[in-house]
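The primary structure of each chain is shown beneath.
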Amino acid sequence: MRELERKLRVGILGGTGMVGQRFVVLLENHPWFQVTTIAASSRSAGKRYEDAVSDRWKLEGEPIPESVKNIIVKDVADIDAVSAEVDFLFSCVEMSKDEIKEIEEAYAKTETPVVSNNSAHRWTPDVPMVVPEINVEHFEVIESQKKRLGTKRGFIAVKPNCSIQCYVPALAAWQEFEPYELAVSTYQAISGAGKNFKDWPEMVGNIIPYIGGEEEKSEDEPLKILGKVEDGVIRNADSIRITAQCIRVPVLYGHTAAGFVKFKKKPTKEQLIDKLKSFKGFPQEHDLPSAPKPFIQYCEEDNRPQVLHDVYYEKGYGVSVGRVREDSVFDFKFIGLSHNTVRGAAGGGVLSAETLVELGYITSKE
């Protein structure tokens, strides 16, 4: 793990929303990063952070960190003022995709790296979309992106959709057996929509069998993650086909997946479980501050993983898998679970930023 002379100054674009709130909680007492700047819409600009979120703090049972309460929120559109105070940025702004693309590139062109939780740049060919344990080599395209943007240190990196984190790690662990078909249903928590039960009372005791845009993301984004860097861009994997259904369920945190998979090379159940237990990547190998150890826990019990017991595995940065068993139509089936606002959102961004620091892509401006 890299030793830093001082903590890097961090800004959060969209810091008053639910994911922004999760960022400030996760970054409290972080050994490498210190939140110095929070930016949001003009209606929050000029207010103390505590005042800006006091009537819409969504993380029940998790207080606003003392270190950010008195930060004066800046206008996210004031690009020069925000970028002057930070070494890099996390982005979780709530705008249209075109607006997000424009503002994230504008920040990158101020020579400020942007680690984005948004989906706007996930399909920009030279923007890496990374799960650090799986495809850290995709960060290589940053050099091509900087040439396009005309920057020396500014760039954009994104994390993938929150729901795919509960099943793609299993696919990655099983790559040597060549999975080629996956059918998956995800059962997604309401916080994935930026809401809690107070905001969304109609979700109590209810299931909604549709989440706009999620099925397309669930089927397509894993192909980029499992793809390869060629000629300065990322080419999607063509070795696997995925079909998905995405369902909203009355759970606050935790996305669960039920997956059914076919393999070209036929593994045993024991081999699949062993690969899950031993799977690790860059964060574990370099002992990064937020790295879950191990990345994947395998639950032996028939009734696990469960949100109640497993969603905060490794403080929410880890992934839980269980019920690997043979299937009568596919080869095997399994259950996966991940914390959607930690591993799937802000925490995935923090772990990506730690990886980028370790690789030398994010450094102090001073």
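Residues numbered from 1 in each chain as written. Predicted model: local features only at pLDDT ≥ 70, side-chain atom pairs only at ≥ 80, totals over all residues. Heavy atoms only, no water.

(A) The arrangement of the overall build of the chain in detail. Looking only at helices and strands, the chain has eleven helices and 14 strands in total. Here the chain has a C-alpha radius of gyration of 20 Å; the compact-globule value for 366 residues is 21 Å, and the two agree. Taking the intrachain contacts of the chain between residues at least 6 apart in sequence as the baseline, contacts between residues at least 24 apart amount to 77%. Here the chain carries 46 positive and 55 negative side-chain charges, and the mean point of each set is 0 Å from the other. (Helix = DSSP H or I, 4+ residues; strand = E, 2+ residues; numbered from the N terminus. Rg over C-alpha atoms; globule rule 2.2 N^0.38 Å. Contact = heavy atoms within 4.5 Å. Lys, Arg positive; Asp, Glu negative; His and termini not counted. Charge placed at Lys NZ, Arg CZ, Asp CG, Glu CD.)

(B) Structural detail: the nonpolar core. Membership of the largest hydrophobic core comes to 55 residues, with the highest contact counts inside it found for Tyr107, Tyr167, Trp174, Leu182, Leu276 and Val324. With five residues, helix H6 (residues 168-173) is the largest single contributor of residues to this core. Filtering out sequence-adjacent residues up to four positions away, tyrosine 107 remains in contact with Leu13, Val76, Asp78, Ile79, Val82, Ser83, Leu89, Thr112 and Val114. Of all hydrophobic cores here, the second largest spans 46 residues; its members include Phe23, Ile38, Val350 and Tyr361. (Core = buried A, V, L, I, M, F, W, Y, C linked by side-chain atoms within 4.5 Å. Buried < 20%, exposed > 50% of the residue type's maximum accessible area, 1.4 Å probe, protein only.)

(C) Seen up close, helix H5 (residues 142-149). Listing the buried residues of H5 in full gives Ile142, Gln145, Lys146 and Leu149. Looking straight down H5, one finds that the buried residues subtend no more than 100° of arc, so they occupy a single side. As for H5, its buried residues are in contact with helix H4 (97-108), strand S6 (156-158) and helix H11 (342-359). Phi for glycine 150, located one or two positions after H5, is positive at around 75°. (Arc of directions from axis to C-beta.)

(D) Looking closely at the environment of phenylalanine 177. Here phenylalanine 177 shows up in the loop between H6 and strand S7 (179-188). The exposure class of phenylalanine 177 is buried, given its relative accessible area of 6%. Between the C-alpha atom of phenylalanine 177 and that of lysine 264, which follows or precedes it by 87 residues, the distance is 6.5 Å. Apart from the residues within four sequence positions on either side, phenylalanine 177 is in contact with Phe263, Lys264, Lys265, Pro267, Gln271, Leu272 and Lys275.

(E) Inspection of the pairing of strand S11 (residues 255-263) at higher detail. A large share of S11 lies buried, amounting to seven of its nine residues. In terms of strand pairing, S11 meets strand S14 (residues 332-338) through seven bridges, oriented antiparallel. By the bridge assignment, threonine 256 is partnered in S14 with leucine 337. (Pairing = 2+ DSSP bridges.)

(F) Fine view of the packing of helix H1 (residues 18-26) against H11. The interhelical angle for the contact between H1 and H11, taken along N-to-C directions, is 55°, at an axis separation of 9 Å. By the angle class used here, H1 and H11 are oblique. Once H1 is placed against H11, the crossing between them reads as right-handed. Along its contact with H1, which presents Val19, Arg22, Phe23 and Leu26, the element H11 presents Val342, Ala345, Ala346, Gly347 and Val350. The residue makeup of the contact of H1 with H11, split by class, is seven nonpolar, one polar and one charged. (Axes fitted to C-alpha atoms, helices over the stretch in contact; angles between N-to-C directions. Parallel < 35°, antiparallel > 145°, perpendicular 65-115°, else oblique. Left-handed = near helix turned anticlockwise from the far one by under 90°. Nonpolar A, V, L, I, M, F, W, Y, C, P; charged D, E, K, R; others polar.)

(G) Summary view of the state of the cysteines. All chains considered together, the criterion is met by zero disulfides. No disulfide involves cysteine 166; its sulfur sits 8.6 Å from that of cysteine 162, the nearest cysteine. The exposure class assigned to cysteine 166 is buried, which follows from its relative accessible area of 1%. (Disulfide = S-S within 2.5 Å.)

(H) Layout of the pattern of salt bridges. Enumeration according to the criterion identifies 28 salt bridges in this entry. The salt bridge involving arginine 235 is made with glutamate 230; its shortest N-O contact spans 3.9 Å. Relative accessible area serves as the criterion here: at 40%, arginine 235 is assigned to the partly exposed category. Residue glutamate 230 is classed as partly exposed on the basis of its relative accessible area of 38%. Within the structure, one salt-bridge network assembled from shared partners comprises Arg48, Glu50, Asp51, Glu66 and Lys69. (Salt bridge = Lys/Arg side-chain N within 4 Å of Asp/Glu carboxyl O.)

(I) Geometry of the sheet that holds S14. As summarised here, the arrangement of the six strands in space is S10-S7-S11-S14-S13-S12, forming an open sheet in which the pairing is mixed. Looking along the sheet, the strands with just one partner apiece sit at the ends: strand S10 (241-248) and strand S12 (296-299). Direction aside, neighbouring strands of the sheet carry axes that sit 20° apart on average.

(J) Seen up close, H4. The terminal C-alpha atoms of H4 lie 16 Å apart, and with twelve residues this matches the ideal 16 Å at 1.5 Å per residue to within 8%. If you check which residues of H4 are buried, you get Ile100, Ile103, Glu104, Glu105, Tyr107 and Ala108. On the buried face of H4, the contacting elements are strand S1 (8-13), helix H3 (79-83), strand S4 (88-91), strand S5 (114-116), H5 and S6. (Expected span 1.5 Å × (residues − 1).)

(K) Representation of the pairing of strand S13 (residues 319-326) in the model. One ladder, built from four bridges, connects S12 with S13; its direction is parallel. By the bridge assignment for S13, cysteine 299 is matched with glycine 322. Here S13 runs beside S14; their pairing, made up of six bridges, is antiparallel. Within the sheet, the bridge partner assigned to valine 319 lies in S14 and is serine 338.

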